[in-house]
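# Architecture at a glance
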Amino acid sequence: MTDRRGTLWAAILGSGIVFLDSSVLTVALPRIARDLPAHVVGILEGESYVYSGYLLGESAFLILAGWLTDVHGRRRIFTLGLAAFGVSSLLSGFASSLEWLIVLRVLQGISGALIVPGSLALVTASFSGEEQGRAFGVWSGASAGVAVLGPMVGGLLVDALSWRAVFLINVPLVLVALWLTRRYVGEGRVAAPSGSLDLPGTVLTALALAGLSVGAISGQQRGWSNPSAFVALGIGAIATALLPWWMLRAPDPLVPPALFRSRNFTVTNLSTLVIYAALAVTFYYLTLFLQGTLGYSAAAAGVATMPGVLLLALFSSRLGGLSARYGARWLLTLGPMLMAVGVLWLSRIPSTSPAWDLSAAAQTFTPPSGYVTSVLPGLLVFGLGATLMVAPLTATVMRSVPVERAGVASAVNTAISDVGPQLAVAVLFVAMTHNFYGALARDAPGVDVTSAAVRHAVAPLNVPGPGVSEEVQRAARDASTGAFRLAMVVAAVLLFAGALINGAGLRIPSGAPLLRVASPDPLWRRCRHIAQEIRRES
């Protein structure tokens, strides 16, 4: 194996581990919440923290990690990230409580932030010309494969072994990636940036995201009776207010305000915020609902969500040329509208929809009729809309800034695509929990829904604990269905808002050069590659 080929596989394996860990987690969450004791957090609260904790660590440190990669060397930071990710994965696999797993997920997110910028930089530095295009094609194909197969593989691991296998499988993969890096990857360092590290901006970003998310979720879980929730919200609000003030005054801000002088850059980042929030809400709560309420096995839930992602993997990059023919603005309007229609279809899933037990012991692998009529059509329409939207959205972002700012612009847009899901999950946790326990109190009047014991035994979108009566179980199933319907309606509203933002706000001149996006899947936009195509006049 040549050094360049070894570098390519080290980069693909390193970033693939990060993306795989993200894609399989939602499939494992119900089993994690069922098996791990929770001493401080509630069940859905803990699931929200485990999901958002990774995004928090990654989004807060992603731009910082890019700076460290440029200053201290790609190979060094990439190796450090791999080692840290392997250790945090090993510890996550042996976590003894939900609270410890939350902490370790944050550390995993920080480790992933160290891996991703370096992996892309290694491929860029090792290949050039036509070979670089082929290398990024292999990269994109591997990323699409992870997106399609990740949930199914995760579900099989959870059902056949344990949810712990989802984390422990990372360890041998990390060891192989470390060996490839040590054997084939050479150290590379670009000229050190002229600016200095914006540590205050990084800290303010982390405090803003953590304070608002944790404060909202913990406050609702405890009925707003614990002052710590208000302290967290206060810290988040202050950090949020200080962040733009600091950006305007810092000599080398983490996010240069000058980027937002571009109308298209501002518009596309605003639409990214709401569209990716809706994207995360849809798949996060759909996976929980299928398992915790309808009774799907983990493998079935993973396979059930594949059709939409499969459309993205197969056709997104091929349909990128439509933006040249019909204009990116119209695709960026039509795509989110179709996604919203698909999500509204998912909101119609009834509480009586049958379960799907996809396992080695199952008598048939055929999905139930409820999946074919209630779930599959919504996912296909959603996937079609996302397929139309992804490539034009990323290309418009990158085309709206000068070439010398492309790296920072990409990092900013990626960070925003991580921020939206965190805030959306936190806000929806408040609304869904209120909706769930209100419906439960109405349908099971003898249950004290303000009791901590009741809230621990009966949580939204989760199987009720042992000892819960059949009457309460039926009421909880109906209440979870109502809470899920609320989440889907909110996701649809966000998607319609994204379509409106793009349709009314974008100004794309005719004859602008095309940008081709090789990475087809929005869930893994961190591994995208932008290549400029020159339009040839016939």
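See above for the structure.
Every chain is numbered on its own, with residues counted from 1 as its sequence reads. The predicted nature of this model means local features are confined to residues of pLDDT at least 70 and side-chain atom pairs, given and counted, to a pLDDT of 80 or more, with totals for whole chains, interfaces and linings taken over all residues. Based on all heavy atoms of the structure, the side-chain values leave hydrogens and waters out of the count.

## A word on the overall build of the chain
Strands here are runs of E lasting at least two residues and helices are runs of H or I lasting at least four, both read from the DSSP assignment and numbered beginning at the N terminus. When helices and strands are tallied, the chain shows 18 helices and 2 strands. In the chain, buried positions account for 56% of the 538 residues. Long-range contacts, defined as pairs at least 24 residues apart, comprise 84% of the intrachain contacts of the chain with a sequence gap of at least 6. By element, 66% of the accessible surface of the chain is carried by carbon and sulfur atoms, the whole surface being about 21,700 Å². Only protein chains enter the calculation, and the probe is 1.4 Å; a residue is then buried if its accessible area is under 20% of its type maximum, exposed if over 50%, and partly exposed in between. Here a residue-residue contact requires only that any non-hydrogen atoms of the pair lie within 4.5 Å. Values of accessible area rely on a 1.4 Å probe in the Shrake-Rupley scheme; residue burial ignores everything except the protein chains shown.

## Here we look at a nonpolar patch on the surface
On the surface, Met337, Val341, Leu344, Val489, Val493 and Phe496 cluster together to form a nonpolar patch covering roughly 460 Å² of accessible area. Counting residues per element, the ones that place at least two in the nonpolar patch are helix 14 (328-346) and helix 18 (470-505). Tracing the chain through its elements places valine 493 in helix 18. Candidates for patches are residues over 30% relative accessible area with no salt bridge; among them, like charges are joined within 9 Å and nonpolar side chains (Val, Leu, Ile, Met, Phe, Trp, Tyr) within 5 Å. The rule for a salt bridge is simple: a side-chain nitrogen of Lys or Arg has to be within 4 Å of a carboxyl oxygen of Asp or Glu.

## What to know about the pattern of salt bridges
In the structure shown here, the tally under the stated rule is 2 salt bridges. The shortest N-O distance in the salt bridge between aspartate 159 and arginine 31 comes to 3.2 Å. Highlighted residues: aspartate 159 in helix 5 (residues 129-160) and arginine 31 in helix 1 (residues 3-35), separated in sequence by 128 residues. Under the relative-accessibility criterion, aspartate 159 is labelled partly exposed at 26%. The salt bridge partner of arginine 442 is aspartate 443, with a shortest N-O separation of 3.1 Å.

## A short note on the packing of helix 1 against helix 3 (residues 74-93)
Relative orientation of the contacting elements helix 1 and helix 3 amounts to 40°, with a least axis distance of 11 Å. Classified by the angle between their axes, helix 1 and helix 3 sit oblique to one another. For the crossing formed where helix 1 meets helix 3, the hand is left-handed. Residue-level contacts link Ala10, Ala11, Gly14, Ile17, Val18 and Asp21 of helix 1 to Phe78, Leu82 and Phe85 of helix 3. Gly is placed with the polar residues, together with every amino acid not listed as nonpolar (Ala, Val, Leu, Ile, Met, Phe, Trp, Tyr, Cys and Pro) or charged (Asp, Glu, Lys and Arg). The residue makeup of the contact of helix 1 with helix 3, split by class, is 7 nonpolar, 1 polar and 1 charged. Here an axis means a line fitted to C-alpha atoms, over the contact stretch when the element is a helix, while the angle between two N-to-C directions is reported on a 0 to 180 degree scale. Relative orientations are named as follows: roughly parallel for angles under 35 degrees, roughly antiparallel for angles over 145 degrees, roughly perpendicular for angles from 65 to 115 degrees, and oblique for any other angle. Handedness of a crossing follows from how the near helix is turned relative to the far one, being left-handed for an anticlockwise turn of less than a right angle and right-handed for a clockwise one.

## As for the environment of alanine 441
Position of alanine 441 among the secondary structure elements: in helix 16 (residues 406-443). When its relative accessible area of 31% is taken as the criterion, alanine 441 is described as partly exposed. Through-space distance from the C-alpha of alanine 441 to that of alanine 476 is 9.7 Å; in sequence the pair is 35 residues apart.

## Points about the packing of helix 1 against helix 7 (residues 170-184)
At a minimum axis distance of 9 Å, the contact between helix 1 and helix 7 shows a crossing angle of 155°. Of the possible angle classes, the one that applies to helix 1 and helix 7 is roughly antiparallel. Crossing angle aside, the handedness with which helix 1 passes helix 7 is left-handed. Between helix 1 and helix 7, the residues in contact are Asp3, Gly6, Thr7, Trp9, Ala10, Leu13, Gly14, Ile17 and Asp21 and Asn170, Leu173, Val174, Val176, Ala177, Leu180, Thr181, Arg183 and Tyr184, respectively. Tallied by class, residues from the contact of helix 1 with helix 7 come to 10 nonpolar, 5 polar and 3 charged.

## Looking at helix 9 (residues 227-249)
Under the convention used throughout, the expected extent of a helix is 1.5 Å for every residue step, that is, one less than its residue count. Taking 1.5 Å per residue, 23 residues should reach 33 Å; helix 9 reaches 33 Å between its end C-alpha atoms and fits that length. What the bend at a residue measures is the angle between two axes, fitted to the seven residues ending there and to the seven starting there. The largest bend along helix 9 reaches roughly 25° and is located at leucine 243, with the proline proline 244 sitting one to four residues downstream. When we look at burial in helix 9, the residues that qualify are Ala229, Ala232, Gly236, Ala239, Leu243 and Met247.

## Let's talk about the side chain of asparagine 264
Along the chain, the position of asparagine 264 falls in helix 10 (residues 263-293). Here a polar contact means two N or O atoms within 3.5 Å. Within protein one must be a hydrogen donor candidate and the other an acceptor candidate, and residues neighboring in sequence count only if both atoms are side-chain atoms. Here the side chain of asparagine 264 touches arginine 507 through a polar contact of 2.8 Å, landing on its backbone oxygen.

## Examining the layout of surface pockets
Space inside the second largest pocket adds up to approximately 770 Å³. Cavities and pockets are found on a 1 Å grid laid over the protein atoms alone: a cavity is a set of points where a 1.4 Å probe fits but cannot escape, a pocket is an open set with protein on both sides within 12 Å along at least five of seven lines, and a lining residue has an atom within 4 Å of such a point. Lining the second largest pocket are 27 residues, with Leu243, Met247, Phe260, Ile416 and Val419 sitting closest to its centre. Listing elements by their share of the lining of the second largest pocket, those giving two or more residues are helix 2 (43-72), helix 8 (199-221), helix 9, helix 10 and helix 16. Here the residues of the lining of the second largest pocket are counted per class, giving 20 nonpolar, 6 polar and 1 charged. Grid points are joined across faces, edges and corners, and a volume is the space filled by probe spheres set on the points.

## Re the packing of aromatic side chains
Ring geometry is summarised as follows: Phe, Tyr and Trp rings, the Trp one being its six-membered ring, pair when their centres sit within 6.5 Å, and such pairs are stacked at plane angles under 30 degrees, edge-to-face over 60 and tilted between the two. The full count for this structure, using the stated rule, is 8 aromatic pairs. Taking the centre distance of 5.6 Å and the plane angle of 80° together, the rings of phenylalanine 283 and phenylalanine 382 count as edge-to-face. Of this pair, phenylalanine 283 sits in helix 10 while phenylalanine 382 sits in helix 15 (residues 369-399); the two residues are 99 residues apart in sequence, bridging distant segments of the chain. Here phenylalanine 436 and tyrosine 437 contribute two aromatic rings whose centre-to-centre distance is 4.9 Å and whose plane-to-plane angle is 85°, an arrangement assigned as edge-to-face. Each member of the pair, phenylalanine 436 as well as tyrosine 437, is classed as buried. Charge-over-ring placement is defined geometrically: NZ (Lys) or CZ (Arg) within 6 Å of the ring centre, and within 35 degrees of the ring normal. Here arginine 455 stacks its cationic end above the ring of tyrosine 437, 4.2 Å away from the centre of that ring.

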